[in-house]
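Architecture and fold: a report
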Amino acid sequence: KEGNKGIRIAETPSGMINCIGLENPGIEYFKNNIVKNIKYSSPIILNINGASIDEYIKVSEIANEIERVNFIELNISCPNVKNGGMAFGASCESAENTTKAVRKVLTKKPLIVKLSPNVTDIAAIAKAAEDAGADSVSLVNTFLAMKIDTKTRKPLLGNIFGGLSGDCIRPIAVRMVYQVYKAVKIPIVGMGGISSYDDALEFIMAGASLVSIGAGIFSNPMLPIEVIRGIDNYLKENKIENIKELIGAAHL
Ligand SMILES: Cc1cc2nc3c(=O)[nH]c(=O)nc-3n(C[C@H](O)[C@H](O)[C@H](O)COP(=O)(O)O)c2cc1C
């Protein structure tokens, strides 16, 4: 995938809009040239996407055979690709169909389904993914957004629309994780504007078992390490032996 043309990133108040368009060299290239050169021992979550159900299946079949990959994250929520992307996660029916089709061929890896926040009821879609065989759901992907260049009087981004992420989306993302936690039994990967250990704790207390950081790394590449250390300190200071005690702790 070549990705989108033109400007692909715009800074916004407390966040950013991107329309990269999933630029990548393809799963065959990843399998043959990239994965073997990864020197780290940490588990790998491979985020995959397709322009059609058939392509999702094809990519999943290859992903299923890449031994070094520990988890597959099914992106049915990208707001800035022309074919596919968000449409696959826009309704319970399409989320269910895509998850089912991938689940059938993805026999060797746990499947995480990545949900779009650009829906009316994200909890219902999470439940549909769970019922279709997802082992976990991750949320949120970016919010559909745009920026207009007042000098040219035209949309700034090459793709016109992009996805909003960063601090500005955090309260909405936390609310969605809280709602999804009530709706499903499978573990949740929480994300959306994590910029500190305290933000990560919010997601964990809302119900996330794992957290993920995107936009925050653009301004602070050390953020993941700071988040890990910050959480460790929090656990020590509060005499909490197992972080699992905090998962969903905010639920009354
Ligand atoms: C530059 C950029 C590229 C992204 N690419 C992907 C992608 O390939 N697949 C995906 O599922 N999400 C992608 N995302 C979405 C993030 O993984 C994340 O869900 C979202 O940005 C919200 O988290 P954040 O506020 O920490 O960035 C991307 C986000 C950014 C900012």
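Please refer to the structure placed before this passage.
The residue count restarts for each chain, going from 1 along the sequence in the order it is written. Local features in a predicted model are, by the rule used here, given only for residues with pLDDT of at least 70; side-chain atom pairs are given and counted only at 80 or more, and totals for whole chains, interfaces and linings are based on all residues. Hydrogens and water are ignored here; the side-chain numbers use all heavy atoms of the structure.

**Some remarks on a nonpolar patch on the surface**
- In this scheme, patches are assembled from residues that exceed 30% relative accessible area and form no salt bridge. Like charges are connected within 9 Å, while nonpolar side chains (Val, Leu, Ile, Met, Phe, Trp, Tyr) are connected within 5 Å. Every accessible area reported is derived by Shrake-Rupley at a probe size of 1.4 Å, with residue values counting cover from the shown protein chains alone. Here a salt bridge means any side-chain nitrogen of Lys or Arg lying within 4 Å of a carboxyl oxygen belonging to Asp or Glu. The grouping of Leu144, Met146, Ile148, Ile160 and Phe161 at the surface amounts to a nonpolar patch, some 440 Å² of accessible area in total.
- Looking at where Met146 falls in the secondary structure, it is placed in the loop between strand E7 (143-145) and strand E8 (148-149).
- By relative accessible area, Met146 is classed as partly exposed at 37%. Only DSSP runs of H or I reaching four residues or more are called helices, and only runs of E reaching two or more are called strands; each is numbered from the N terminus. Think of it in three bands: with a 1.4 Å probe and only protein chains considered, a residue is buried below 20% of the maximum accessible area for its type, exposed above 50%, and partly exposed in between.

**Describing the pattern of salt bridges**
- Inspection of every chain in the model, using the stated rule, returns eight salt bridges.
- The residue Lys108 makes a salt bridge to Glu65 at a minimum N-O spacing of 2.8 Å. A residue pair is termed long-range when its members are at least 10 positions apart, and Lys108 in the loop between helix H3 (92-105) and strand E5 (111-114) and Glu65 in the loop between helix H2 (53-64) and strand E4 (71-75) qualify at 43 residues.
- Assessed through its relative accessible area of 53%, Lys108 is described here as exposed.
- Between Arg103 and Asp135 there is a salt bridge, with the nearest N and O atoms lying 2.7 Å from each other. Taken together, the positions of Arg103 in helix H3 and Asp135 in the loop between helix H4 (122-131) and strand E6 (136-139) put the pair 32 residues apart, joining distant regions of the chain.
- The partly exposed category is assigned to Asp135, whose relative accessible area is 33%.
- Salt bridges here are not isolated pairs; linked through shared partners, they connect Asp167, Arg170 and Asp199.

Just distances and angles here, no functional claims.
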